[in-house]
Amino acid sequence: MTPGTRNVAVVGAALADCGRVDDATPYTLHAQAARRALADAGLDRARVDGFASAGLGTLAPVEVAEYLGLRPTWVDSTSVGGSTWEVMAAHAADAIAVGHANAVLLVYGSTARADIRAGRRTGDLSFGARGPLQFEVPYGHTLIAKYAMAARRHMIEYGTTIEQLAQVAVQARANAALNPEAMFRDPVTVDEVAAGPLIADPFTKLHCCLRSDGGAAVLLAAEEYVPDCRTAPVWVLGTGEHVSHATMSEWPDFTVSPAAVSGALAFERAGVRPSEIDFAEIYDAFTYMTLVTLEDLGFCAKGEGGAFVEKGRLLVRGGDLPVNTDGGGLSAQHPGMRGLFLLVEAVRQLRGEAGERQVRTRDGLPPRLGVASGTGGWFCSSGTVVLGRE
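Just so you know, these numbers come straight off a predicted model, no measurement behind them.

## Observations regarding the side chain of Ser-262
Assignment of secondary structure puts Ser-262 in helix H8 (residues 259-270). For Ser-262, a relative accessible area of 0% translates into the label buried. Looking at Ser-262, its side chain comes within polar contact range of the side chain of Ser-382, at 2.7 Å. A distance of 2.8 Å separates polar atoms of two side chains, one belonging to Ser-262 and the other to Thr-384. The residues contacting Ser-262, other than those within four sequence positions of it, are Gly-240, Glu-241, His-242, Ser-382, Gly-383 and Thr-384.

Now the structure itself:
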């Protein structure tokens, strides 16, 4: 940390009910996650003076804060898709470090699955046709098609195979099998992934994230709050954020994600190397996201992601670098902007509270260092947070 600033820790982390939740509103899930995170920390709601929220309401943080009974003096409503929460965590840590806030609550909740079942929304929500997007919309570029195009470019450029991409889904499901809160826990094989219905070439159904309901919350606080908390602190060691592009024509290289920049910044600011990281929580709306983010965070060289993932390295049990230890968006839950769930899982791992899916170091202890890296849009933005328990 810069001299004169305060260290910042995650002192509370929790999930709302997730998976199939037909009897709750998004506001209910926000409140449920917030209450559970505050109870996890052991801090009274009155001590929360910062609040961050996105994705709900006309005035996102104002409406949700009112619903939760909060009157914050520091707010953030940054909305950059799936990377929103890592970026918000970075902003909150900066604010706490310099004294603009003392305890900041990040909350998200969504009934994406239940809304479709009830006919309140459709499965394909348009991002609009104004601004730069107007030049792509006439050609039928869907969100998934953009990811599929990027995956195909990596396959052509580096020889990555569809079987290697399928391994990401297979290993995510194996990790989910150890997580009682995961939505899908039955094992799958590479052949089963390949045999599924084609969604967007080269992705079949199991290359794509599931759709669920759910919510999550994380409470960050200044170091002087830590003695008052009931949980062991998980320290924010370094963060990075980066915005790459909105239109595909402005993306310089489909095989490089914005995590190449946000990750490098986060590791540099944390003073650690990728080789020191014990596990990674990576945004995985599609299998290709995991593979390319592993490359861009520096866990393997560019173009070597396929060979890296096919050897079982992502598994909680026996993997060199356990990735998406809860099963990720491919198998655990994915209610929309999933980045906050990455932070919750990382905190649980570092505290040693992950139960059967707990990652252990060679000496049998909980991991010392972890990274959460969120991606937004169609590789449009990235936020990376390095966390540690010491």
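## Regarding the UniProt feature "domain: Thiolase C-terminal" (unreviewed entry) in the chain
If you check UniProt for "domain: Thiolase C-terminal" (unreviewed entry), the listed places come out as residues 240-389 in our numbering. Between the end C-alpha atoms of residues 240-389 the distance is 19 Å, and the span holds 29% helix and 16% strand.

## Overview of helix H6 (residues 162-176)
Spanning 15 residues, H6 covers 21 Å between terminal C-alpha atoms, matching the ideal 21 Å at 1.5 Å per step. When you tally the buried positions in H6, you get 12 out of 15 residues, the bulk of the element. Within H6, the full set of buried residues consists of Gln-164, Leu-165, Ala-166, Gln-167, Val-168, Ala-169, Val-170, Gln-171, Ala-172, Arg-173, Asn-175 and Ala-176. Along its buried surface, H6 packs onto helix H5 (143-158), helix H7 (190-195), helix H9 (287-296), helix H10 (305-309) and helix H11 (328-331).

## Some words on the environment of Arg-368
On the secondary structure map, Arg-368 appears in the loop between helix H12 (339-351) and strand E10 (369-376). Among the residues examined, Arg-368 registers a relative accessible area of 34% and is labelled partly exposed. For the pair Arg-368 and Glu-390, spaced 22 residues apart in the sequence, the C-alpha separation amounts to 7.0 Å. Not counting residues within four places of it along the chain, the set of residues in contact with Arg-368 comprises Glu-276, Asp-278, Leu-350, Leu-387, Gly-388, Arg-389 and Glu-390.

## With respect to empty space enclosed by the protein
As enumerated under the stated definition, the model contains four cavities of 30 Å³ or more in all. The volume enclosed by the largest cavity comes to roughly 60 Å³. Considering the residues around the largest cavity, the lining is formed by Leu-15, Asn-179, Glu-181, Asp-326, Gln-333, Phe-341, Val-344, Glu-345, Arg-348 and Arg-357. By residue number, the principal contributor to the lining of the largest cavity is H12, which donates four residues. Grouping the amino acids of the lining of the largest cavity by side-chain chemistry returns three nonpolar, two polar and five charged.

## Some words on the packing of helix H3 (residues 84-97) against H12
When two helices pack together, their arrangement is given by the angle between their axes and by how far apart the axes lie. Between H3 and H12, whose axes approach to 6 Å, the crossing angle comes to 65°. For the pair formed by H3 and H12, the contact residues are Trp-85, Glu-86 and Ala-89 on the first element and Gly-339, Leu-340, Leu-342 and Leu-343 on the second.

## Remarks on the nonpolar core
Judged by nonpolar contacts, the single largest core of 86 residues is most densely connected at Leu-106 and Phe-299. The contacts of Leu-106, once residues within four sequence positions are left out, are Ala-52, Trp-85, Met-88, Ala-89, Ala-92, Ala-216, Ala-217, Val-218, Leu-220 and Leu-340.

## Some points on the packing of aromatic side chains
What the rule picks out here adds up to nine aromatic pairs. Ring centres of Trp-251 and Phe-379 lie 5.4 Å apart, and the angle between their planes is 40°; this geometry places the pair in the tilted category. Separated by 128 residues along the polypeptide, Trp-251 in the loop between strand E8 (234-243) and H8 and Phe-379 in the loop between E10 and strand E11 (381-388) bring together distant segments of the chain. What makes Phe-379 buried here is its relative accessible area of 1%. Aromatic rings pair up to connect Tyr-147, Phe-203, Trp-251, Phe-254, Phe-286, Tyr-288 and Phe-379 into one cluster. A cation over an aromatic ring shows up here: Arg-47 above the ring of Tyr-225, its NZ or CZ 4.4 Å from the ring centre. In this arrangement the basic side chain of Lys-146 is found over the ring face of Trp-378, its NZ or CZ atom lying 3.7 Å from the centre.

## Topic: the state of the cysteines
Going through the model one piece at a time under the given rule, you end up with zero disulfides. Considering cysteine sulfurs only, Cys-208 is the nearest to Cys-209, which forms no disulfide, with 7.1 Å between them. In this structure Cys-380 is a free cysteine whose sulfur lies 15 Å from that of Cys-209, the closest cysteine sulfur available.

## Digging into the environment of Val-243
Structurally, the position occupied by Val-243 is in strand E8. Along the sequence, Val-243 and Ala-259 sit 16 residues apart, while their C-alpha atoms lie 9.4 Å from each other. In this view, Val-243 contacts Cys-380 and Ser-381; residues no more than four positions away in its chain are not counted.

## Description of the pairing of strand E2 (residues 50-53)
Here E2 shows no split at all, with Gly-50 and Ala-52 on one side and Phe-51 and Ser-53 on the other all buried. As paired strands, E2 and strand E3 (residues 74-76) are joined by three bridges and run parallel to one another. Within the sheet, the bridge partner assigned to Ala-52 lies in E3 and is Asp-76. You can see the chain leave E2, run along helix H2 (residues 60-68) and come back into E3, and the turn it takes is right-handed.

The rules behind these values
Residues numbered from 1 in each chain as written. Predicted model: local features only at pLDDT ≥ 70, side-chain atom pairs only at ≥ 80, totals over all residues. Heavy atoms only, no water. Helix = DSSP H or I, 4+ residues; strand = E, 2+ residues; numbered from the N terminus. Buried < 20%, exposed > 50% of the residue type's maximum accessible area, 1.4 Å probe, protein only. Polar contact = N/O pair within 3.5 Å; in protein donor to acceptor, adjacent residues only side chain to side chain. Contact = heavy atoms within 4.5 Å. UniProt positions renumbered as here; feature names shortened; annotations may be inferred. Expected span 1.5 Å × (residues − 1). 1 Å grid on protein atoms, 1.4 Å probe; cavity = no way out; pocket = protein on both sides within 12 Å on 5 of 7 lines; lining within 4 Å. Points joined across faces, edges and corners; volume = space filled by probe spheres on them. Nonpolar A, V, L, I, M, F, W, Y, C, P; charged D, E, K, R; others polar. Axes fitted to C-alpha atoms, helices over the stretch in contact; angles between N-to-C directions. Core = buried A, V, L, I, M, F, W, Y, C linked by side-chain atoms within 4.5 Å. Phe/Tyr/Trp six-rings, centres within 6.5 Å; stacked < 30°, edge-to-face > 60°. Lys NZ or Arg CZ within 6 Å of the ring centre and 35° of its normal. Disulfide = S-S within 2.5 Å. Pairing = 2+ DSSP bridges. Right-handed = clockwise from strand over helix to strand, strands pointing away.

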